Amino acid sequence: MAVTFSDLHTEAGLKALNEYLSGKTYISGDQLTKDDVKVYSFILDQPSTDLYPNASQWYQSVASKLDLSFPGKAVGVRIGQGAAAEAAPLKEDSKEAPAGDDDDDLDLFGDETEEEKKAAEEREASKAPAKKKESGKSSVLLDVKPWDDETDMKLLEEAVRKIEMPGLLWGASKLVPVGYGIKKLQIMLSIVDDLVSVDSLIEEHLTVEPCSEYIQSCDIVAFNKI
């Protein structure tokens, strides 16, 4: 059975990830790639070391490399509706997922048949000239701070995720205590560099109406090319 991004919230999905990572440092081998960032964004907490030692070690390694570890337990976390639909299967990390696919079609760890490999090679060859012109992408971790401890963090997150623009994809999020009963929202996003400016996203969308009703300020915690 194909393993999808949504399955990573289940024991079966984590077990499959753990088995896949046996003998590997990262998803695609010994180097950190955008595949690791994609899968990492769909796992809300570090997998159990006892139950999933390979997945747990991989999670720690990715977190240390990207400086994306989140203190505390996730509260009110949810994954963006379009995240799984727009993410490509790990087996084909250099290709875009066809428009209209949903996460039921995403096979993370399935074996490719000879026909699939041949079709993939043909698609790759036909796209080669265009790929030279593709814009770079980045993974960003953002701190979104409320006005006070009375701010409704659920409504704050909803306001953030309502912001849509070409080249912007919201990922996983967590609420992190900052003191005096106040919690901040830490949220991952991926951007197409030529289409989205994080500074403009903050200044022109997140800290103005209607978001400014809930958001006091935003800070970039980590910015990594993928």
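Sequence positions are assigned chain by chain, starting from 1 and proceeding in written order. Given that the model is predicted, a residue must reach a pLDDT of at least 70 before its local features are reported, and side-chain atom pairs must reach 80 or more before they are shown or counted; all residues, however, enter totals for whole chains, interfaces and linings. Excluded from the side-chain calculation are hydrogens and water; included are all heavy atoms of the structure.

Asks: Help me out: how do you make sense of helix 6 (residues 153–161) in this one?
Replies: Along an α-helix, residues three or four apart share an orientation, since each turn contains 3.6 residues. Inspection of helix 6 places Met153, Leu156, Glu157, Ala159, Val160 and Arg161 among the buried residues, and these make up the whole buried set. Tucked inside the fold, the buried residues of helix 6 contact strand 1 (137–146), strand 2 (168–179), strand 3 (182–192), helix 7 (198–206) and strand 4 (215–225). N or O atoms within 3.5 Å of each other form a polar contact, as long as, within protein, one can give a hydrogen and the other can take it, and as long as residues adjacent in sequence are counted only when both atoms are side-chain atoms. Helix and strand definitions follow DSSP, with helices as H or I runs of at least four residues and strands as E runs of at least two, each counted in order from the N terminus. The N-capping residue of helix 6, defined by a side-chain oxygen 3.0 Å from the backbone nitrogen of Lys154, is Asp152. Here the term buried applies to any residue with accessible area under 20% of the maximum for its type, exposed to any over 50%, and partly exposed to those in between, with areas from a 1.4 Å probe on protein chains only. Residue contacts are defined here by distance: any two heavy atoms, one from each residue, within 4.5 Å place the two residues in contact.

Asks: In this structure, what is going on with the environment of Ile191? I would like to understand it.
Replies: Within the secondary structure, Ile191 is located in strand 3. The class for Ile191 is buried, based on a relative accessible area of 3%. For the pair formed by Ile191 and Ile226, sequence separation is 35 residues and the distance between their alpha carbons is 9.7 Å. In this view, Ile191 contacts Gly136, Lys137, Ser138, Val140, Gly167, Leu168, Val196, Val198 and Phe223; residues no more than four positions away in its chain are not counted.

Asks: Can you walk me through the side chain of Glu157 in this structure?
Replies: In this structure, Glu157 sits in helix 6. Residue classification places Glu157 among the buried positions, given a relative accessible area of 3%. A polar contact of 2.8 Å, which involves the side chain of Glu157, links it to the side chain of Ser173.

Asks: Please explain unusual backbone geometry as it appears in this structure.
Replies: A negative phi angle characterises most non-glycine residues, just as the trans form characterises most peptide bonds. The step from Glu209 to Pro210 runs through a cis peptide bond, and the omega angle for that step is 0°. By the element assignment, Pro210 lies in the loop between helix 7 and strand 4.

Asks: Mind showing me how you'd approach the pattern of salt bridges here?
Replies: For side chains bearing opposite charge, pairing can occur when the charged atoms are close. For this document, the term salt bridge refers to a Lys or Arg side-chain nitrogen within 4 Å of an Asp or Glu carboxyl oxygen. Counted under the stated rule, the structure contains five salt bridges. Note that Lys174 and Asp45 form a salt bridge whose closest N and O atoms lie 3.8 Å from each other. Residue Lys174 is located in strand 2, and its partner Asp45 is located in the loop between helix 2 (34–41) and helix 3 (53–66); the two are separated by 129 residues in the primary sequence. Using a relative accessible area of 36% as the deciding quantity, one classes Asp45 as partly exposed. Between Lys145 and Asp219 there is a salt bridge, with the nearest N and O atoms lying 2.7 Å from each other. Placement of Lys145 in strand 1 and of Asp219 in strand 4 is noted, with a sequence separation of 74 residues between them.

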